[in-house]
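Here are the chains, one letter per residue:
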Amino acid sequence: MRLLDASTLVAALLLAGCASTDCERPTGNPAVTPAEVAATGRHTGELVRWGGTIAAASNLKDQTEIEVVGYPLDRCGRPESGAEPVGRFVVIHSGYLETADYRPGSQVSVAGLVTGTREGS
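In this text the structure is predicted, and so the values were computed from the model without any measurement.

Student: Can you walk me through unusual backbone geometry in this structure?
Tutor: Negative phi characterises most residues that are not glycine, and trans characterises most peptide bonds. Phi is positive for His43, which is not a glycine, with a value near 80°. As for its placement among the helices and strands, His43 is situated in the loop between α1 (34-40) and β2 (47-59).

As structure tokens, this is what we get:
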């Protein structure tokens, strides 16, 4: 599977990490991938769990957007960056996040609702 070139998935996702040593499973459906949502346009409103490597982060007037290269998650909900990417997605966080804490190359795991798709590269 290759990265999505023309479409970037937009998801309003709440930042959530896996800090537990016993690997409690966070909420959200890990079976739905960003590539599937982008290709089918389905799953809007569905709670998903995704993760990957941050490509970019920016603060806008009322929200922070974090673009992520998605990877499959391991059993603890951490991205498996050595695996084949599963598409890109954008985390939209209402309000301000310090983008220095979400630098390109950092890994992130998130859970939230799919809100739709948008064109991008």
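Student: Hey, could you run me through the environment of Thr99 in this one?
Tutor: Its location among the elements puts Thr99 in the loop between β4 (87-94) and β5 (107-119). Looking at Thr99, the relative accessible area reads 24%, which means it is partly exposed. Between the alpha carbons of Thr99 and Thr64 there is a distance of 8.2 Å; along the sequence they are 35 residues apart. Ignoring any residue separated from it by four or fewer positions in sequence, one finds Thr99 in contact with Ala57, Ser58, Asn59 and Thr64.

Student: Before we go on, may I ask you to explain the side chain of His43 in this structure?
Tutor: Using a relative accessible area of 19% as the deciding quantity, one classes His43 as buried. Among the polar contacts made by the side chain of His43, one reaches the side chain of Glu46 at a distance of 2.7 Å. Aside from chain neighbours lying at most four places away, what touches His43 is Val32, Glu36, Val37 and Val114.

Scoring rules and cut-offs
Residues numbered from 1 in each chain as written. Predicted model: local features only at pLDDT ≥ 70, side-chain atom pairs only at ≥ 80, totals over all residues. Heavy atoms only, no water. Helix = DSSP H or I, 4+ residues; strand = E, 2+ residues; numbered from the N terminus. Buried < 20%, exposed > 50% of the residue type's maximum accessible area, 1.4 Å probe, protein only. Contact = heavy atoms within 4.5 Å. Polar contact = N/O pair within 3.5 Å; in protein donor to acceptor, adjacent residues only side chain to side chain.

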